[in-house]
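Take a look at the letters that make up each chain.
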Amino acid sequence: QKEVEQNSGPLSVPEGAIASLNCTYSDQGSQSFFWYRQYSGKSPELIMFIYSNGDKEDGRFTAQLNKASQYVSLLIRDSQPSDSATYLCAVMDTGRRALTFGSGTRLQVQP
Amino acid sequence: NAGVTQTPKFQVLKTGQSMTLQCAQDMNHNSMYWYRQDPGMGLRLIYYSASEGTTDKGEVPNGYNVSRLNKREFSLRLESAAPSQTSVYFCASNEGLHSPLHFGNGTRLTVT
């Protein structure tokens, strides 16, 4: 069973700080990695995806991938209360050709 | 621009009843998926269809059947509902391997 592990949190950060969300995965052949944000009672929405080792930046968000360590992270700079949500890490399962999701990290940004 | 549309939004069933969850996408995507989400367990894949005419089991297929009716539509059927199937069900679609998923708004199902 391919696994994607996330700390469930809650991760609490003050407004304006950097939030760091982490994810590890077991499928060594995975080539695509995704971060989704999910507000309570809503469907997941895509924040970023990353395919190559290194960093990828999009506005206040940076995704980091280290395939050798099987580790992917999401940094949120200048965190806002509106960033308070559950963040889901998803990894392509090379066997099933479908995304496997972690259980999510709940982020709380304190005003 | 509707994206992925799921019906119904809410449903309450009694144990043993059957129902079909409907999903349609208007993005001309090749692949479609059904996930369920339970508290503390993230999203778990039930079934998926990599392309029109094909379906495959995911992580938790027992108690469910699917039909890829055409490129746009992918339905999920519960033949004999059980309380363990109380969950939020999400349909999703994408262009294919390595592409981001686009999710519907979900169906909240309660089985009593």
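Not measured: the values here are computed from a predicted model.

Draft legend 1. Up close: the overall build of chain B. Per the secondary structure count, chain B includes zero helices and eleven strands. Going from N to C terminus, chain B has its helices and strands arranged as β-β-β-β-β-β-β-β-β-β-β. Over its C-alpha atoms chain B spans a radius of gyration of 13 Å, differing by no more than 12% from the 13 Å that the globule rule assigns to 112 residues. The buried share among the 112 residues of chain B stands at 49%. Contacts in chain B between residues far apart in sequence, at least 24 positions, make up 54% of those at least 6 positions apart. Accessible area for chain B stands at about 5,100 Å²; split by element, carbon and sulfur atoms hold 48% of it. Of note, chain B has its 10 positive side-chain charges centred 7 Å away from the centre of its 8 negative side-chain charges.

Draft legend 2. Fine view of the nonpolar core. The biggest cluster of nonpolar side chains holds 23 residues, and the ones touching the most others in it are A:Trp35, A:Val72, A:Leu74, A:Ile76 and A:Tyr87. Residue assignment for this core shows that the elements contributing at least two residues are β3 (19-25), β4 (33-38), β5 (45-50), β7 (61-66), β8 (71-76), β9 (85-93) and β11 (105-110) of chain A. Those residues in contact with A:Val72 that sit more than four places away from it in its chain are A:Leu21, A:Asn22, A:Cys23, A:Phe33, A:Trp35, A:Ile50, A:Gln64, A:Leu65 and A:Cys89. Counting 20 residues, the second-largest nonpolar core is a separate cluster that includes B:Val4, B:Tyr47, B:Phe74 and B:Leu78.

Draft legend 3. Region of interest: unusual backbone geometry. That bond from A:Gly9 to A:Pro10 is cis: its omega, 10°, falls within 30 degrees of zero. By the secondary structure assignment, A:Pro10 is in the loop between β1 (4-5) and β2 (11-14). A cis amide bond links B:Thr7 to the next residue, B:Pro8, at an omega of -5°. If you trace the backbone, B:Pro8 turns up in the loop between β1 (4-7) and β2 (10-13). For A:Gln70, which is not glycine, the phi dihedral falls at a positive 55°. Along the chain, A:Gln70 falls in the loop between β7 and β8. Overall, A:Gln70 belongs to the buried group, its relative accessible area being 16%. Backbone geometry at B:Asn28 places phi at a positive 60°, although glycine is not the residue there. For B:Asn28, the position within the fold is in the loop between β3 (19-25) and β4 (31-37).

Draft legend 4. Region of the structure containing the environment of B:Asp56. Residue and element names in this part refer to chain B. Mapped onto the secondary structure, Asp56 falls in strand β6 (residues 56-57). We classify Asp56 as partly exposed; its relative accessible area is 35%. Through-space distance from the C-alpha of Asp56 to that of Ala24 is 18 Å; in sequence the pair is 32 residues apart. Setting aside its immediate chain neighbours within four residues, Asp56 contacts Tyr47 and Tyr48.

Draft legend 5. Spotlight on the state of the cysteines. All names here are of chain A. In the structure shown here, the tally under the stated rule is two disulfides over all chains. Cys23 shares a disulfide with Cys89; S-S distance 2.1 Å. Residues Cys23 and Cys89 are joined by a disulfide whose S-S torsion is about -75°; by sign, that bridge is left-handed. Remark: Cys89 occurs in strand β9 and Cys23 occurs in strand β3; sequence separation between them is 66 residues.

Draft legend 6. Spatial organisation of the pairing of strand β9 (residues 87-94) of chain B. Residues and elements named next belong to chain B. Of all eight residues in β9, seven are buried; the element is thus mostly enclosed. The pairing of β4 with β9 spans seven bridges and is classified as antiparallel. The residue bridging Trp34 from the neighbouring strand is Cys91, located in β9. With three bridges joining them, β9 and strand β11 (residues 107-111) adopt antiparallel strand pairing. Each residue of the ladder has a partner; that of Tyr89, found in β11, is Thr107. As judged from the two bridges shared by β9 and strand β10 (residues 102-103), these two strands associate in the antiparallel manner. Bridge pairing in β10 places Ala92 opposite Phe103.

Rules of the game
For every chain, the first residue of the written sequence is number 1, and numbering continues from 1 along that sequence. Following the order in which they are written, the chains are lettered starting with A and the ligands numbered starting with 1. Since the coordinates come from a predicted model, pLDDT governs what is reported: local features require at least 70, and pairs of side-chain atoms require 80 or more to be given and counted, while whole-chain, interface and lining totals use all residues. Heavy atoms from the whole structure form the basis of all side-chain values; hydrogens and water molecules are not counted. A helix here means a DSSP run of H or I that spans at least four residues, while a strand means a run of E at least two residues long, and both kinds are numbered starting from the N terminus. Computation of the radius of gyration draws on C-alpha atoms alone. For the globule rule, the value is 2.2 Å times the number of residues to the power 0.38. Buried residues are those whose accessible area, probed at 1.4 Å on protein chains only, stays under 20% of the maximum for their type, while exposed residues exceed 50% and partly exposed ones sit between those limits. In what follows, a contact means two residues having at least one pair of non-hydrogen atoms within 4.5 Å. Note on areas: Shrake-Rupley, 1.4 Å probe, and residue coverage restricted to the protein chains presented here. Here the positive residues are Lys and Arg and the negative ones are Asp and Glu; neither His nor the chain ends is included. Taken as the charge location is NZ of Lys, CZ of Arg, CG of Asp or CD of Glu. What makes a nonpolar core is a set of buried Ala, Val, Leu, Ile, Met, Phe, Trp, Tyr and Cys residues whose side-chain atoms join them at distances within 4.5 Å. What counts as a disulfide here is a pair of cysteine sulfur atoms lying within 2.5 Å. Two strands pair under a simple rule: DSSP has to find at least two bridges between them.

These values are about where atoms sit, not about what they do.
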